[in-house]
2 protein chains.
Amino acid sequence: MSYCLAIYTKLGLVLASDSRTNAGLDQANVARKLYTFVKPGERVFVLLTSGGLSLSQSVLALLQSDYNAGYGLANVATMYDAARCVGEAVRAVAARDRQFLERDNIGFNVNFLVGGQIDQQPHELYLIYPQGNPLQATPDCPFLQIGESKYGRPILDRAVKYDGTSLEQATKLALISLDSTMRSNLTVGPPIDLAVYHANELRLRQQIRLSADDPQLLAIRTQWEQELRSASQRLPVIQFPGEYS
Amino acid sequence: MSYCLAIYTKLGLVLASDSRTNAGLDQANVARKLYTFVKPGERVFVLLTSGGLSLSQSVLALLQSDYNAGYGLANVATMYDAARCVGEAVRAVAARDRQFLERDNIGFNVNFLVGGQIDQQPHELYLIYPQGNPLQATPDCPFLQIGESKYGRPILDRAVKYDGTSLEQATKLALISLDSTMRSNLTVGPPIDLAVYHANELRLRQQIRLSADDPQLLAIRTQWEQELRSASQRLPVIQFPGEYS
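Residues numbered from 1 in each chain as written. Chains lettered and ligands numbered in written order. Predicted model: local features only at pLDDT ≥ 70, side-chain atom pairs only at ≥ 80, totals over all residues. Heavy atoms only, no water.

Going by what an unreviewed UniProt entry lists, chain A is known as Peptidase and is assigned to Limnoglobus roseus.

Spelled out as structure tokens, the structure:
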């Protein structure tokens, strides 16, 4: 399993992923799930991926090959077209592999998040389903998740606002969401890859990989656990019927 | 979907459930999922159930009928026997209904949590799988969940300790876990049924149903959201390579 999330605010995008991949319980390896395509001053795309690693690698190989040749993500006109471009690559891999997977009862499962900006157009964020169709993040729904998304969702539901969350704050929330998931599910694991895109910069100046023992990650994890415990202790004590004074 | 959880500490048990039941998205009704069997001074059992409502009702009908006749939960000798007794009732319903469900591709899915105490024996907590076999909570694994369990798990993983968590505190944590799940998943909904069993009391004096607009539930929800937001703001700001001073 994987867990990737992207937060969409007025000020930009925060994109983060775990890096665990496994084929069976006894084999856990590290695989990068965050990819960037950047032409400084013109276009920035950050892609996150979950699902079958063989499939996502094939999709990325297609996208990279077109990009290098000046096609695809290198010349799409809008973010919607970029999302469609990733969807077409997903469908191309499906056309090649899906029947062979299904013959052995393996589902064709690969998901992408695509965030970025082109020229003076607004920054946008999309989820691409295994069928290739795109879903866009909106101010009412300012984050998207793929993979093992449930453990890390409550903090996002409660704290992410399109209008009111700074990118610094969204970065912390993304790390909390990922760390909560890693704590509760062994198939999601470090290192964490993280990229922050500031709207209208058209370059990617904030990107980091946090290993399991990274001091910044440990500091956030430790402080968050302490904060959660002390916050829960400050909550009012529940009174039961018959006990009211 | 449902969500039920039970916390097992040195001092007793906290058991809580949502009450939403649905057959298709357009039909959401209320169904009780917390049941008690109590002979004051002798034995206390609290049962929580998730899965098919038709199945859990049948299991409870069998348990209640035996109990009323002085058998089953009314005369099992140990908590392990109580767990086995619930498992046998699950298997009896499976024998009656499973093939008819599977003929229409409906899985036989019903889960129970069973907590309680008999006489001078220790209080214990079990999960009963749809196959009828029991799993016991231990000091190392001091909570059990059934149903839609992922959203509400991170707070339990981080804050529940068998040795160190008071029942008052465990009650708050159970409510936070349930409320987080209701916030993120529409198929889990109020009212919340909650029972707290204090070890060695052999009666059940703390039980409450909290509706969606219960002032205690609203107070906890509001304060918890505020606490989460301010706690996340106190976390250290992530520094990116090249930005270190």
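Next comes the rest of the description.
1. Description of the overall build of chain A
Within chain A, the regular secondary structure consists of 5 helices and 12 strands. Here the C-alpha atoms of chain A give a radius of gyration of 19 Å, agreeing with the 18 Å that 2.2 N^0.38 yields for 245 residues. When its C-alpha atoms are laid out on the principal axes, chain A stretches across 75 × 45 × 35 Å. When the accessible surface of chain A is totalled, it reaches about 10400 Å², and 49% of it is carbon and sulfur. (Helix = DSSP H or I, 4+ residues; strand = E, 2+ residues; numbered from the N terminus. Rg over C-alpha atoms; globule rule 2.2 N^0.38 Å. Areas by Shrake-Rupley, 256 points an atom, 1.4 Å probe, with all protein chains shown as cover.)

2. Here we look at the pattern of salt bridges
Counted by the stated rule, this structure contains 32 salt bridges over all chains. Among the ionic pairs, Arg183(A) bridges to Glu225(A), the shortest N-O distance being 3.1 Å. Taken as a pair, Arg183(A) in helix H4 (residues 167–184) and Glu225(A) in helix H5 (residues 215–234) lie far apart in primary sequence, 42 residues in all. For Glu225(A), a relative accessible area of 13% puts it in the buried group. Across the salt bridge formed by Glu201(A) and Arg205(A), the nearest N and O atoms sit 2.9 Å from each other. Under the relative-accessibility criterion, Glu201(A) is labelled partly exposed at 27%. Among the residues examined, Arg205(A) registers a relative accessible area of 32% and is labelled partly exposed. Bridged by salt links that share partners, the residues Arg158(A), Asp179(B), Arg183(B), Arg221(B), Glu225(B) and Arg229(B) form one connected network. (Salt bridge = Lys/Arg side-chain N within 4 Å of Asp/Glu carboxyl O. Buried < 20%, exposed > 50% of the residue type's maximum accessible area, 1.4 Å probe, protein only.)

3. Focus on the sheet that holds strand E2 (residues 12–17) of chain B
Residue and element names in this part refer to chain B. Ordered in space as E10-E1-E2-E11-E12, the 5 strands form an open sheet in which the pairing is antiparallel. Looking along the sheet, the strands with just one partner apiece sit at the ends: strand E10 (143–147) and strand E12 (206–210). On average, each strand axis in the sheet is tilted by 10 degrees relative to the strand beside it, whichever way the strands run. One ladder, built from 5 bridges, connects strand E11 (residues 192–198) with E12; its direction is antiparallel. Residue pairing in the sheet places Ile192 in a bridge with Leu210 of E12. Contacting strand E1 (3–9), E2, E11 and E12, helix H4 (residues 167–184) crosses the sheet at an angle of about 160 degrees to E1. (Pairing = 2+ DSSP bridges. Axes fitted to C-alpha atoms, helices over the stretch in contact; angles between N-to-C directions. Contact = heavy atoms within 4.5 Å.)

4. Let's talk about the pairing of strand E5 (residues 34–39) of chain A
Remark: a regular strand shows side chains that alternate across the two faces of the sheet. Residue and element names in this part refer to chain A. Two strands pair when backbone bridges link them, and E5 and strand E6 (residues 43–51) are joined in this way by 6 bridges, in the antiparallel orientation. Its bridge partner lying in E6, Tyr35 is registered against Leu47. Here E5 folds back onto E6, and the loop between the two strands holds 3 residues, one of which, Gly41, carries a positive phi near 85 degrees.

5. A look at the packing of H5(A) against helix H5 (residues 215–234) of chain B
Across the interface, H5(A) lies against H5(B) with an axial gap of 10 Å and an inter-helix angle of 150 degrees. When the interaxial angle is binned, H5(A) and H5(B) end up roughly antiparallel. Relative to H5(B), the crossing made by H5(A) is right-handed. Along its contact with H5(A), which presents Gln223(A), Trp224(A), Glu227(A), Leu228(A), Ala231(A), Ser232(A) and Arg234(A), the element H5(B) presents Gln223(B), Trp224(B), Glu227(B), Leu228(B), Ala231(B), Ser232(B) and Arg234(B). When the residues that make up the contact of H5(A) with H5(B) are grouped by side-chain class, the tally is 6 nonpolar, 4 polar and 4 charged. (Parallel < 35°, antiparallel > 145°, perpendicular 65-115°, else oblique. Left-handed = near helix turned anticlockwise from the far one by under 90°. Nonpolar A, V, L, I, M, F, W, Y, C, P; charged D, E, K, R; others polar.)

6. Quick word on the relation of the copies chain A and chain B
Its rotation angle being 180 degrees, the transformation that places chain A on chain B also includes 0.0 Å of axial translation and leaves an RMSD of 0.0 Å. On this basis, the relationship between the two copies can be described by a two-fold rotation axis. Residues of chain A ranked by C-alpha distance from the rotation axis are headed by Tyr151(A), positioned 2.4 Å from it. (Least-squares fit on C-alpha atoms with pLDDT ≥ 70 in both.)

7. Details of the interface of chain A and chain B
Across the boundary between the two partners, chain A contributes 48 residues, which contact 48 residues of chain B. Between chain A and chain B, roughly 4800 Å² of surface is buried when both sides are summed, and carbon and sulfur atoms account for 59% of that area. Counting every contact that joins chain A to chain B gives 8 salt bridges. One salt bridge in this structure joins Asp179(B) and Arg158(A), with 3.3 Å as the shortest N-O distance. Seen at the junction of chain A and chain B, the total is 24 residue pairs in polar contact (both at pLDDT 80 or more). Taken together, the elements giving at least two residues each to the side of chain A that touches chain B come down to helix H3 (153–159), H4, strand E11 (192–198), strand E12 (206–210) and H5 of chain A. Examining the composition of the side of chain A that touches chain B, we find that 13 residues originate from one element, H5(A), more than from any other. Taken together, the residues of the side of chain A that touches chain B sort by class into 22 nonpolar, 11 polar and 15 charged. (Buried area = accessible area lost by both parts, 1.4 Å probe. Polar contact = N/O pair within 3.5 Å; in protein donor to acceptor, adjacent residues only side chain to side chain.)

8. Considering H5(A)
Between the first and last C-alpha of H5(A) there are 28 Å, a value that for 20 residues agrees with the 28 Å anticipated at 1.5 Å per step. For H5(A), the N-terminal capping position is held by Asp214(A), with its side-chain oxygen 2.8 Å away from the main-chain nitrogen of Gln216(A). (Expected span 1.5 Å × (residues − 1).)

9. A short note on helix H1 (residues 53–68) of chain B
Residue and element names in this part refer to chain B. With 16 residues, H1 ought to run about 22 Å at 1.5 Å a step, and its terminal C-alpha atoms sit 22 Å apart, in line with that. Within H1, burial applies to Leu55, Ser56, Val59, Leu60, Leu63 and Tyr67. The buried residues of H1 all sit within an arc of 130 degrees when viewed along its axis, so they share a single face. Directly beyond the C-terminal end of H1, a positive phi value near 85 degrees is found at Gly70. (Arc of directions from axis to C-beta.)

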